[in-house]
Amino acid sequence: MEALAERLSGLDPHLGGAIRVVMFYDTLMRRRVDLPALARASAGLAECVVGIRLTGTGRVIRVTPDGRKASGPPSPASSEGPIILDEEEIGTVWLERPGPPSLLDEALLERLAIAVAAVVERYGPAHTTMADPALVELVISADSDEAARARAMRLLGFPADLPVRVVAVRSRLPLDQVGSLICPARLVKAAPLADVGVILAGTVDPARFPAGVRAGIGAVDRPDRSWLQARTALRFTTPRQPIVHHDDLGALTLLAEIRQDAARDNADVAAIARMAGNPEDLETLDAYCTTGSLRGAAERLHLHHSSVARRIDQIAKTLGIDLTEPTGLMRARLALTVWRLLDA
């Protein structure tokens, strides 16, 4: 291989140099180096600062050409590339070269990214967002003993002292994409489980959920309890309120414990079910119950309050409930919520 590189260098210096880069990283991988050693060797080869960032853990390594840890804020990257493992982007590698990029920078970054992915896969749990569903189920199952749960958490990469929040998700978007958005630069794991997606994360930013996602967020508690809370909160989501935190539901969670046959037999819930064929009436009732006033509902629906008043009057007659009275409004809100829980 070395002789081939020599011959090619005489014909095409760039090609010969690229082959030497490949040989360089092949040698490093045979020596089974870790990430810091890989960064040091790469910085020496590139003769500039080299950086490695793993998205899942937030770990960043920056090394100078003389092998020391780079201090101070990073300079703008002269070139960078993604780290791909199991078809998922798990981080970034980059060079901080003053001046224009070298002709071999692209080849160096490509081989560095491949080497980093191999090291991540070899040592400890993989830092991809998508996880083995069997491990995730062990973590959140109420039937798991504590030893099995702790082992599954370790295999997923979560430190023993890291509180974990569970999120139940319904989304057409890939789970790894949702997980990376709501928990950026921190360890997050996701897996599909039966009819719902599961996300395990140390922190969750509800404002970062993308449009079109429904999610219930459990408390930072034992993962099995957090999972039950997340599933319950998911049932309370609506198009108007697609993200629900269990802690914000309070006594409303008691509604989720009502037997389905008892809920269907309730007169108010049955009246809502009969009205469900008219989405316009449901939307009007929902806006009125949420705001508690005609003008508030009119603002939400972008209608004149007199139009909303006529609709509410007709809905009240259909339901047989006086919606102008606090008790009637409470009955309508409860019935609407219970009907949605049945539908969920």
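The model shown is predicted, which means the values in this text are computed figures rather than measured ones. (Residues numbered from 1 in each chain as written. Predicted model: local features only at pLDDT ≥ 70, side-chain atom pairs only at ≥ 80, totals over all residues. Heavy atoms only, no water.)

Draft legend 1. Structural view of the sheet that holds strand β3 (residues 79–85). Across the sheet, which stays open at both edges, the four strands sit in the order β2-β1-β4-β3 with antiparallel pairing between neighbours. One side of each edge strand has no neighbouring strand; the edge strands of this open sheet are β2 (60–63) and β3. Averaged over all pairs of adjacent strands, the angle between strand axes in this sheet comes to 15°, irrespective of strand direction. Note: β3 against strand β4 (residues 88–96), seven bridges, orientation antiparallel. Bridging from a neighbouring strand, L85 pairs with E88 of β4. Across the face of the sheet, helix α4 (residues 105–122) comes into contact with β1 (49–54), β3 and β4 while running at roughly 30° to β3. (Pairing = 2+ DSSP bridges. Helix = DSSP H or I, 4+ residues; strand = E, 2+ residues; numbered from the N terminus. Axes fitted to C-alpha atoms, helices over the stretch in contact; angles between N-to-C directions. Contact = heavy atoms within 4.5 Å.)

Draft legend 2. Here's a closer look at the environment of V93. As for its position among the elements, V93 is in strand β4. V93 has contacts with G51, I52, E80, G81, I83, L109, L112, A113 and V116, leaving out every residue within four places of it along the chain.

Draft legend 3. Helix α8 (residues 223–235), seen in detail. Taking 1.5 Å of rise per residue, the 13 residues of α8 would be expected to cover 18 Å, and the 18 Å separating its terminal C-alpha atoms lies within 8% of that figure. Every buried residue belonging to α8 is among P223, D224, S226, W227, Q229, A230, T232, A233 and L234, and all of these are buried. (Expected span 1.5 Å × (residues − 1). Buried < 20%, exposed > 50% of the residue type's maximum accessible area, 1.4 Å probe, protein only.)

Draft legend 4. The pattern of salt bridges, seen in detail. Tallied over the full model, the rule gives 17 salt bridges. A salt bridge links R222 to D224, with the nearest nitrogen and oxygen atoms 2.5 Å apart. Judged by its relative accessible area of 6%, D224 falls in the buried class. D268 is the partner of R331 in a salt bridge, and the nearest nitrogen-oxygen pair spans 2.8 Å. Pair noted here: R331 is in helix α14 (residues 326–343) and D268 is in helix α10 (residues 267–275), with a separation of 63 residues, a long-range link. (Salt bridge = Lys/Arg side-chain N within 4 Å of Asp/Glu carboxyl O.)

Draft legend 5. Inspection of the sheet that holds strand β7 (residues 196–201) at higher detail. Read across the open sheet, the five strands follow the order β6-β7-β5-β8-β9; overall the sheet is mixed. Edge strands, defined here as strands with exactly one partner in the open sheet, are β6 (188–193) and β9 (243–245). Strand-to-strand twist across the sheet, computed as the mean angle between neighbouring axes with direction ignored, equals 20°. In this fold α8 packs onto β5 (165–170), β6, β7, β8 (214–217) and β9, with an angle of close to 35° to the strand it touches most, β5.

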